[in-house]
Amino acid sequence: MSLVRRAEPEDAAEVLRLRQVMIDSVHGTDASTDWHAESLPTLRAKLADPDGDFAAYVVDHPERPGALAALVAGTIDYRIGRAGHPRGAVGYVFSVATDPDARRRGYARACMETLLEWFRERGVGRVQLTTSTEGAPLYTSLGFRPKPDPLLELWL
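Residues numbered from 1 in each chain as written. Predicted model: local features only at pLDDT ≥ 70, side-chain atom pairs only at ≥ 80, totals over all residues. Heavy atoms only, no water.

Draft legend 1. Representation of the pairing of strand β3 (residues 68-78) in the model. In terms of burial, β3 is largely enclosed, as 8 of its 11 residues are buried. Where strand β2 (residues 54-60) lies against β3, 7 bridges are found, and the strand directions are antiparallel. Its bridge partner lying in β3, alanine 56 is registered against alanine 73. (Buried < 20%, exposed > 50% of the residue type's maximum accessible area, 1.4 Å probe, protein only. Helix = DSSP H or I, 4+ residues; strand = E, 2+ residues; numbered from the N terminus. Pairing = 2+ DSSP bridges.)

Written as structure tokens, this is what we have:
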């Protein structure tokens, strides 16, 4: 039996807590949690929609009932198809986080493998993510490769 399960609306606060663990690990990011209250209703709605374009997979914390040990979240985006990728479904992985006291137990890998299967079942042809130096070995072991294209971003 797998330790990994799909996150449910009742997990939303813990999902946000683990997302904050990830955010806090990135140097120079805003450690504020004021946004959690505003984010919670949308996250609960996304977690309640099993047929939507968003999924989060979690592992329950083995020593702390009601807490999560690990989280992986992803979404599917549509891009107009092209040669070699005619359906245009692109997966994006984000918020990969493991509680500091539950690391090195394979939880993030198990969650990633489950999310990748979810992408496959939905016809996703490409999966993208950004990584920290610490996370890169996990992703390369799963087959992810660096992409030479620079990413540009505009905040509206």
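Moving on, there is more to tell.
Draft legend 2. Representation of the nonpolar core. Met112, Leu115 and Phe119 are the most contacted members of the largest nonpolar core, which totals 24 residues. For this core, the secondary-structure elements that each account for two or more residues are β2, β3, β4 (89-98), α3 (107-121) and α4 (136-141). Examining the composition of this core, we find that 8 residues originate from one element, α3, more than from any other. Listed in part, the 16 residues of the second largest apolar core include Ala12, Leu16, Leu47 and Ala97. (Core = buried A, V, L, I, M, F, W, Y, C linked by side-chain atoms within 4.5 Å.)

Draft legend 3. Molecular detail of the sheet that holds β4. With respect to topology, 5 strands assemble into an open sheet ordered β1-β2-β3-β4-β5, the strand pairing being mixed. What marks the edges here is a single partner per strand, and that holds for β1 (4-6) and β5 (126-128). Taking the axes of each pair of neighbouring strands and ignoring which way they run, one obtains an average angle of 25° across the sheet. In this structure, β3 lies alongside β4, joined through 8 bridges in antiparallel fashion. Across the sheet, residue threonine 75 finds its bridge partner in β4, namely tyrosine 92. Relative to the sheet, helix α1 (residues 12-25) contacts β2, β3 and β4, its axis offset from that of β3 by approximately 90°. Strand contacts of α3: β1, β2, β3, β4 and β5, with the helix running at about 25° to β3, the strand carrying the most contacts. (Axes fitted to C-alpha atoms, helices over the stretch in contact; angles between N-to-C directions. Contact = heavy atoms within 4.5 Å.)

Draft legend 4. Region of interest: the pairing of β2. In terms of burial, β2 is a largely internal element, 6 of the 7 residues being buried. Judged from the 3 bridges that link them, β1 and β2 form a sheet pairing that is antiparallel. If you follow arginine 5 over to β2, its bridge partner there is valine 58.

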